[in-house]
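# Descriptive analysis of the structure
One letter stands for each residue in the lines below.
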Amino acid sequence: MPMALSPGLLLVAGSFAAFRLLNRGLERLVPPPPSARRNRWKWRNIWTSLAHSVLSGGGALAGFCLHPGLSEDLVGTHPPGAHSLVAVSVDLSPFSANRLPGMATAQQGGLSYLKCQRGVGLVAVNPAAGYFLEDFVDMLCNQKLHQSWELLFHHSVVIVCFGIAVLLHQYVGFALVALLVEINSIFLHLRQILLMANLVHTTCYRLNSIINLGTYVVFRIATLAWMTHWLFLNRENVPPATYAVGTVGMAIMTPMNIILFYRLLRSDFFKSGRDVQREKEQ
């Protein structure tokens, strides 16, 4: 008897194609300037990343603004669209499409968790393909490994950590906190776009550099520090395996972001012509 093709798998394929179409379509909507035509794939990649950052960062911020009580329970409760937002960032739907029970709120081990209605859950867990998955494949196909290994490693860690929230329908609030980092990513991507467009010596670039640095401290460094602190305080309430994944993830992300912060300071505020040229060519 032939095996039926999983609806989740079809949705993964369809969503992956949707992100690829967005990637291709953005070049027509936002044609690369002459200075970026030698690196067209990167121009498309950055605009796709910008679109994801606006969606996920803005959505995460709106979630906390509209549901201020969310911060009281980051394990089991989350606003209606939060799971969808996390799933947009990393889609692991084929593994969870057949595990969604009916709508109920339960208590287990002293921690509340939200079970989604099967119909709603399928829509939530199986949206557009995960951005990080698409970006991972895009870099793997178009960039040399020695240039992209840091981001590939970063994306792998994010996929694992977000995958726990998507598959278990728990820690969605915690993942939503992590998505606040994408607010800073908006300005990181804008910086790269201005750099590729050869607009380094403009007021727009300078203003973006200042905002980028400010949001980096508030939404990236401070957010990661808060997440690490939350993990430490709740270590007795989090299963050992999940705690280990979270701790390792924070241990990897924190130094990576500190190094990136140093590079931004050096490039935008203590830069030399060689540093700028190197960034444009990467």
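Residues numbered from 1 in each chain as written. Predicted model: local features only at pLDDT ≥ 70, side-chain atom pairs only at ≥ 80, totals over all residues. Heavy atoms only, no water.

## Examining the overall build of the protein chain
Our working rule: Numbering of helices and strands starts at the N terminus; helices are DSSP runs of H or I of at least 4 residues and strands are runs of E of at least 2. For every residue, the accessible area obtained with a 1.4 Å probe (protein chains only) is divided by the maximum for its type, and the residue is called buried under 20%, exposed over 50%, and partly exposed between those limits. The criterion used for residue contact is that any of the two residues' heavy atoms lie within 4.5 Å. Per-residue and other accessible areas were derived by the Shrake-Rupley procedure at a 1.4 Å probe size, with only the shown protein chains allowed to occlude residues.
Looking only at helices and strands, the protein chain features eleven helices and two strands. Secondary structure elements of the protein chain occur, N-terminal to C-terminal, as α-α-α-β-β-α-α-α-α-α-α-α-α. Taking all 282 residues of the protein chain together, 48% fall into the buried category. For the protein chain, restricting intrachain contacts to residue pairs at least 6 apart in sequence, the fraction spanning at least 24 positions comes to 76%. For the protein chain, the accessible area works out to roughly 14600 Å², and carbon and sulfur atoms hold 68% of it.

## Looking at the nonpolar core
Quick reminder of the rule: By nonpolar core we mean a set of buried residues, namely Ala, Val, Leu, Ile, Met, Phe, Trp, Tyr and Cys, connected to one another through side-chain atoms within 4.5 Å.
Counting residues in each nonpolar core, the largest one holds 27 residues, and the members touching the most others are Phe132, Phe162, Phe174, Leu180 and Met227. A per-element tally of this core places helix H7 (residues 172–179) first, with six residues. Ranked by size, the runner-up nonpolar core spans eight residues in total, among them Ala36, Ile46, Ile186 and Phe187.

## Regarding the environment of Tyr216
Rules: Throughout this description, a polar contact denotes any pair of N or O atoms lying within 3.5 Å of each other; where both atoms belong to protein, one of them has to be capable of donating a hydrogen while the other can accept it, and for residues adjacent in sequence the pair is counted only when both atoms sit in side chains.
Turning to its location among the elements, Tyr216 is positioned in helix H9 (residues 203–233). Judged by its relative accessible area of 0%, Tyr216 is buried. Counting along the chain gives 45 residues from Tyr216 to Phe261, while the straight-line C-alpha distance between them is 7.7 Å. With sequence-adjacent residues up to four places away left out, Tyr216 is seen in contact with Asn184, Leu188, Ile221, Asn257, Leu260, Phe261 and Leu264. In terms of polar contacts, Tyr216 uses its side chain to reach the backbone amide nitrogen of Phe261, at 3.5 Å.

## Brief notes about the pattern of salt bridges
The criterion, for reference: Any Lys or Arg side-chain nitrogen found within 4 Å of a carboxyl oxygen on Asp or Glu counts as a salt bridge.
Scanning the entire structure with this criterion turns up two salt bridges. In this structure, Arg263 and Glu150 form a salt bridge, with 3.5 Å as the shortest nitrogen-oxygen distance. Placement of the pair is Arg263 in helix H10 (residues 240–269) and Glu150 in helix H6 (residues 145–168), with a sequence separation of 113 residues. One salt bridge in this structure joins Arg191 and Asp268, with 2.9 Å as the shortest N-O distance. Taken together, the residues span a long stretch of sequence, with Arg191 in helix H8 (residues 181–196) and Asp268 in helix H10 at a distance of 77 residues. The exposure classification of Arg191 matches that of Asp268, with both residues buried.

## What to know about the confidence of the model for the protein chain
So the rule is basically this: Confidence of the predictor at the level of single residues is given by pLDDT, which spans 0 to 100.
Mean pLDDT over the protein chain: 74, with 67% of residues reaching 70 or higher. Element-level mean pLDDT values for the protein chain span from 31 in helix H4 (residues 118–125) up to 94 in H8. When the criterion is pLDDT under 50, residues 91–129 qualifies, and its contacts beyond four places in sequence or with other chains add up to 92 contacts.

## A word on helix H5 (residues 131–142)
Short version of the rule: By this rule, a helix spans an expected 1.5 Å times one less than how many residues it contains. In this description, one arc is meant: the one made by directions from the helix axis to the C-beta atoms.
With twelve residues, H5 ought to run about 16 Å at 1.5 Å a step, and its terminal C-alpha atoms sit 16 Å apart, in line with that. Burial in H5 covers these residues: Tyr131, Phe132, Glu134, Asp135, Asp138 and Met139. Looking straight down H5, one finds that the buried residues subtend no more than 160 degrees of arc, so they occupy a single side.

## Comments concerning a nonpolar patch on the surface
Our working rule: To count toward a patch, a residue needs a relative accessible area above 30% and no salt bridge. Like charges then connect within 9 Å, nonpolar side chains (Val, Leu, Ile, Met, Phe, Trp, Tyr) within 5 Å.
A cluster of nonpolar side chains, namely Leu140, Leu145, Trp149 and Phe153, defines an oily patch on the protein surface of about 440 Å² accessible area. Looking at the nonpolar patch element by element, the count peaks at three residues for H6. Relative to the assigned elements, Leu145 resides in helix H6. Residue Leu145 is classed as exposed on the basis of its relative accessible area, which comes to 57%.

## What to know about the packing of aromatic side chains
The geometry of an aromatic ring pair is captured by the separation of the ring centres together with the interplanar angle, meaning the angle of the planes. To keep things clear, this is the line we draw: Here is the rule: rings of Phe, Tyr and Trp (six-membered ring for Trp) pair when centre to centre is within 6.5 Å. Planes less than 30 degrees apart are stacked, more than 60 are edge-to-face, and the remainder are tilted. For a lysine, the NZ atom is tested; for an arginine, the CZ atom; a charge sits over a ring if that atom is within 6 Å of the ring centre and within 35 degrees of the ring normal.
Summed over all chains, the structure comprises two aromatic pairs. Taking the centre distance of 6.1 Å and the plane angle of 65 degrees together, the rings of Trp43 and Trp47 count as edge-to-face. Note that Trp43 and Trp47 are positioned in helix H2 (residues 40–66) at a spacing of four residues, about one turn of the helix. By relative accessible area, which is 22% here, Trp47 ends up partly exposed. With 5.3 Å between their ring centres and 35 degrees between their planes, Tyr216 and Phe261 make a pair best called tilted. On the criterion of sequence distance, the pair formed by Tyr216 in helix H9 and Phe261 in helix H10 is long-range, its members being 45 residues apart. In this arrangement the basic side chain of Arg220 is found over the ring face of Tyr216, its NZ or CZ atom lying 5.3 Å from the centre.

## Quick look at the side chain of Glu134
Summarising the element assignment, Glu134 is placed in helix H5. Residue contacts for Glu134: discarding those within four places in its chain leaves Phe16, Phe19, Arg20, Asn23 and Thr48.

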